[in-house]
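The lines below spell out each chain.
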Amino acid sequence: MKNFGAEKPEYIVHGKDIMAKFKALQSAIELYSKNLKPQNDALDDALDDALESKLLMLLKEYPNLTQKEMGERISVSRATVQRLVKKLVVEKN
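Note that the structure is a prediction, hence the values are computed from the model and not measured.

1. Concerning the pairing of strand β2 (residues 17–21)
Note on strand geometry: in a regular strand, side chains alternate between the two faces of the sheet.
Then, number 1: By the bridge criterion, five bridges tie strand β1 (residues 10–14) to β2 in an arrangement that is antiparallel. Across the sheet, residue Val13 finds its bridge partner in β2, namely Ile18.
Then, number 2: The turn linking β1 back onto β2 is made up of two residues, and Gly15 within it adopts a positive phi angle of 60 degrees.

Structure representation (structure tokens):
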């Protein structure tokens, strides 16, 4: 991290999971702001699949959680939870 001029990551523990949070490098921010961000649909799909799995396990254990509580437990926004739930409902039908 030091060699790239990046800050040390922040580590967050959620139950049995550990999340490493990295601050974006200035070069990445500039690239994103120019709308040149790389598109990687396969990576997005894999991330969604992992989040869906976490969400389903969470719902099995705690079926009465609100979307806000679900998001807090899997470290995503309520809007992301809504999108994932909608996707799961569409896939089931």
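2. Description of a negative patch on the surface
Then, number 1: Taken together, the side chains of Asp44, Asp45, Asp49 and Glu91 define an acidic patch exposed on the protein surface.
Then, number 2: The greatest single-element share of the negative patch, amounting to three residues, is contributed by helix α2 (residues 41–61).
Then, number 3: As for its position among the elements, Asp44 is in helix α2.

3. Overview of unusual backbone geometry
Then, number 1: A positive phi angle is found at Ser75, which is not glycine, with a value near 60 degrees.
Then, number 2: Assessed through its relative accessible area of 30%, Ser75 is described here as partly exposed.

4. Some words on the packing of aromatic side chains
Then, number 1: What the rule picks out here adds up to zero aromatic pairs.
Then, number 2: Sitting above the plane of the Tyr62 ring, Arg73 keeps its charged end 4.5 Å from the centroid.

5. With respect to the layout of surface pockets
Then, number 1: The calculated volume of the largest pocket comes to roughly 450 Å³.
Then, number 2: Every residue lining the largest pocket is counted, 17 residues in all, and those nearest its centre are His14, Asp17, Lys54, Arg73 and Ile74.
Then, number 3: Breaking the lining of the largest pocket down by element, the ones donating at least two residues are β2, α2 and α3 (67–74).
Then, number 4: Tallied by class, the residues present in the lining of the largest pocket amount to eight nonpolar, four polar and five charged.

6. Some thoughts on the side chain of Asp48
Then, number 1: Turning to its location among the elements, Asp48 is positioned in helix α2.
Then, number 2: Of note is the side chain of Asp48, whose polar atom sits 2.9 Å from the side chain of Arg83.
Then, number 3: What Asp48 contacts, discounting residues up to four positions off in sequence, is Arg83, Leu84 and Lys87.

7. Let's talk about the pattern of salt bridges
Then, number 1: Summed over all chains, the structure comprises four salt bridges.
Then, number 2: A salt bridge links Arg83 to Asp48, with the nearest nitrogen and oxygen atoms 2.9 Å apart. Residue Arg83 is found in helix α4 (residues 78–92), and its partner Asp48 is found in helix α2; the two are separated by 35 residues along the sequence.
Then, number 3: Taking the relative accessible area as the measure of exposure, Arg83 reaches 40% and is therefore partly exposed.
Then, number 4: When its relative accessible area of 12% is taken as the criterion, Asp48 is described as buried.
Then, number 5: Connected through salt bridges with shared partners, the residues Asp48, Glu52, Arg83 and Lys87 form a single ionic network.

The rules we used
Residues numbered from 1 in each chain as written. Predicted model: local features only at pLDDT ≥ 70, side-chain atom pairs only at ≥ 80, totals over all residues. Heavy atoms only, no water. Pairing = 2+ DSSP bridges. Helix = DSSP H or I, 4+ residues; strand = E, 2+ residues; numbered from the N terminus. Patch = residues over 30% accessible without salt bridge, like charges linked within 9 Å, V, L, I, M, F, W, Y side chains within 5 Å. Areas by Shrake-Rupley, 256 points an atom, 1.4 Å probe, with all protein chains shown as cover. Salt bridge = Lys/Arg side-chain N within 4 Å of Asp/Glu carboxyl O. Lys, Arg positive; Asp, Glu negative; His and termini not counted. Charge placed at Lys NZ, Arg CZ, Asp CG, Glu CD. Buried < 20%, exposed > 50% of the residue type's maximum accessible area, 1.4 Å probe, protein only. Phe/Tyr/Trp six-rings, centres within 6.5 Å; stacked < 30°, edge-to-face > 60°. Lys NZ or Arg CZ within 6 Å of the ring centre and 35° of its normal. 1 Å grid on protein atoms, 1.4 Å probe; cavity = no way out; pocket = protein on both sides within 12 Å on 5 of 7 lines; lining within 4 Å. Points joined across faces, edges and corners; volume = space filled by probe spheres on them. Nonpolar A, V, L, I, M, F, W, Y, C, P; charged D, E, K, R; others polar. Polar contact = N/O pair within 3.5 Å; in protein donor to acceptor, adjacent residues only side chain to side chain. Contact = heavy atoms within 4.5 Å.

Just distances and angles here, no functional claims.
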